[in-house]
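Overview (structure and organization)
What follows is each chain in one-letter form.
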Amino acid sequence: MINFLKNILFIDIIMGLLLTLKHFFMFKGKRGVTIEYPDEKRPLPDGYRGLLCLRRKDDGSERCVGCTLCEAYCPSKCITVVSAGSEIDPMKRYAKFYQIDITKCVFCGYCVDACPVEALAMTKRYELSQYEKGAIAMTKDKLLEIGDEDYPWRKD
């Protein structure tokens, strides 16, 4: 009998509408739940893995020694590294060519963990959309520029 009355009087629908009206009038004048995205940005957690960057040493030289461990550890094979020896000091190596294809990257962080000299780091950048695919391929110069902006402090 009770189920029959609930079905005829639409009690469940009325309860849902009352809940909606309660929230409508409760949040009137107060800050709502919605975040206005371009103007306000949600704070990201400390472990967030965003865009990759290359870091520099204190003297301004690049940290990457071109060991290609990041390329070997990458599960999506989006990193390309070509290493070369220094002409001044033949014992020192550097990355002659370094490129990350962000369209293939899964932001797993394995490359950061594999780097023995901490040359790679993850930033908190997440706005990566571009109009052309060629603009999203991150070259060594772009990655160093991002690293200079997001990691202005340097520690050895």
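In the block above lies the structure referred to throughout.
Now for a quick tour of the structure.

What counts and how
Residues numbered from 1 in each chain as written. Predicted model: local features only at pLDDT ≥ 70, side-chain atom pairs only at ≥ 80, totals over all residues. Heavy atoms only, no water. Core = buried A, V, L, I, M, F, W, Y, C linked by side-chain atoms within 4.5 Å. Buried < 20%, exposed > 50% of the residue type's maximum accessible area, 1.4 Å probe, protein only. Helix = DSSP H or I, 4+ residues; strand = E, 2+ residues; numbered from the N terminus. Contact = heavy atoms within 4.5 Å. Lys, Arg positive; Asp, Glu negative; His and termini not counted. Salt bridge = Lys/Arg side-chain N within 4 Å of Asp/Glu carboxyl O. Polar contact = N/O pair within 3.5 Å; in protein donor to acceptor, adjacent residues only side chain to side chain. Arc of directions from axis to C-beta. Pairing = 2+ DSSP bridges. Axes fitted to C-alpha atoms, helices over the stretch in contact; angles between N-to-C directions. Disulfide = S-S within 2.5 Å.

1. Some points on the nonpolar core
Leu-54, Cys-70, Ile-79, Tyr-98 and Ile-100 are the most contacted members of the largest nonpolar core, which has 27 residues in total. Mapped by element, the contributors of at least two residues to this core are β1 (52-54), β2 (79-85), β3 (93-101), β4 (120-122) and α5 (140-150). Those residues in contact with Tyr-98 that sit more than four places away from it in its chain are Leu-54, Cys-64, Cys-70, Ile-79, Thr-80, Val-81, Leu-120, Met-138, Thr-139, Lys-140 and Leu-143.

2. Focus on the side chain of Asp-101
As for its placement among the helices and strands, Asp-101 is situated in strand β3. Buried charge without a partner: Asp-101 forms no salt bridge, and the closest opposite charge is Lys-104, 4.3 Å away. At 2.7 Å, the side chain of Asp-101 and the side chain of Thr-103 are in polar contact.

3. Brief notes about the side chain of Arg-63
Along the chain, Arg-63 turns up in the loop between β1 and α3 (69-73). A polar contact is formed between the side chain of Arg-63 and the backbone oxygen of Arg-56, at a distance of 3.2 Å. A distance of 3.3 Å separates a polar atom in the side chain of Arg-63 from the backbone oxygen of Val-117.

4. Considerations on α5
Every buried residue of α5 is listed here: Lys-140, Leu-143, Leu-144, Ile-146 and Gly-147. Projection of α5 onto a plane perpendicular to its axis shows the buried side chains occupying an angular sector of 160°, all on one side. Buried-residue contacts for α5 involve β1, β3 and β5 (137-139).

5. A short note on the sheet that holds β5
In space, the three strands of this open sheet follow the order β2-β3-β5, with antiparallel pairing throughout. Each having just a single partner strand, β2 and β5 make up the two edges of the open sheet. For this sheet the average axis-to-axis angle between neighbouring strands, irrespective of direction, equals 15°. Bridge count between β2 and β3: seven bridges; the pairing is antiparallel. Bridge pairing links Val-81 to Tyr-98 in β3. This element, α5, spans β3 and β5 of the sheet and lies at about 80° to β5.

6. A short note on the state of the cysteines
Applying the stated criterion to the full structure yields zero disulfides. Of all cysteine sulfurs in the structure, the one in Cys-78 sits closest to Cys-105, which takes part in no disulfide; the separation is 4.3 Å. Cys-111 takes part in no disulfide bond, and the closest cysteine sulfur, belonging to Cys-108, lies 6.2 Å away. Residue Cys-111 is classed as buried on the basis of its relative accessible area, which comes to 7%.

7. A word on the environment of Ile-146
Of note, Ile-146 is situated in helix α5. As for Ile-146 and Cys-78, which are separated by 68 residues in sequence, their C-alpha atoms are 18 Å apart. Dropping the residues within four chain positions of it, Ile-146 is found in contact with Leu-51, Leu-52, Cys-53, Thr-123, Arg-125 and Met-138.

8. A few points about the pattern of salt bridges
For side chains of opposite charge, pairing can occur when their charged atoms come near one another. A full pass over the atoms with the stated rule returns six salt bridges. In this structure, the salt-bridge partner of Lys-41 is Glu-127, at a minimum N-O distance of 3.2 Å. Placement of Lys-41 in the loop between α2 (11-26) and β1 and of Glu-127 in the loop between β4 and β5 is noted, with a sequence separation of 86 residues between them. Lys-41 gets classed as partly exposed once you look at its relative accessible area, which sits at 47%. Of the residues examined, Glu-127 reaches a relative accessible area of 47% and is grouped as partly exposed. Between Asp-150 and Arg-125 there is a salt bridge; the shortest N-O distance is 3.2 Å.

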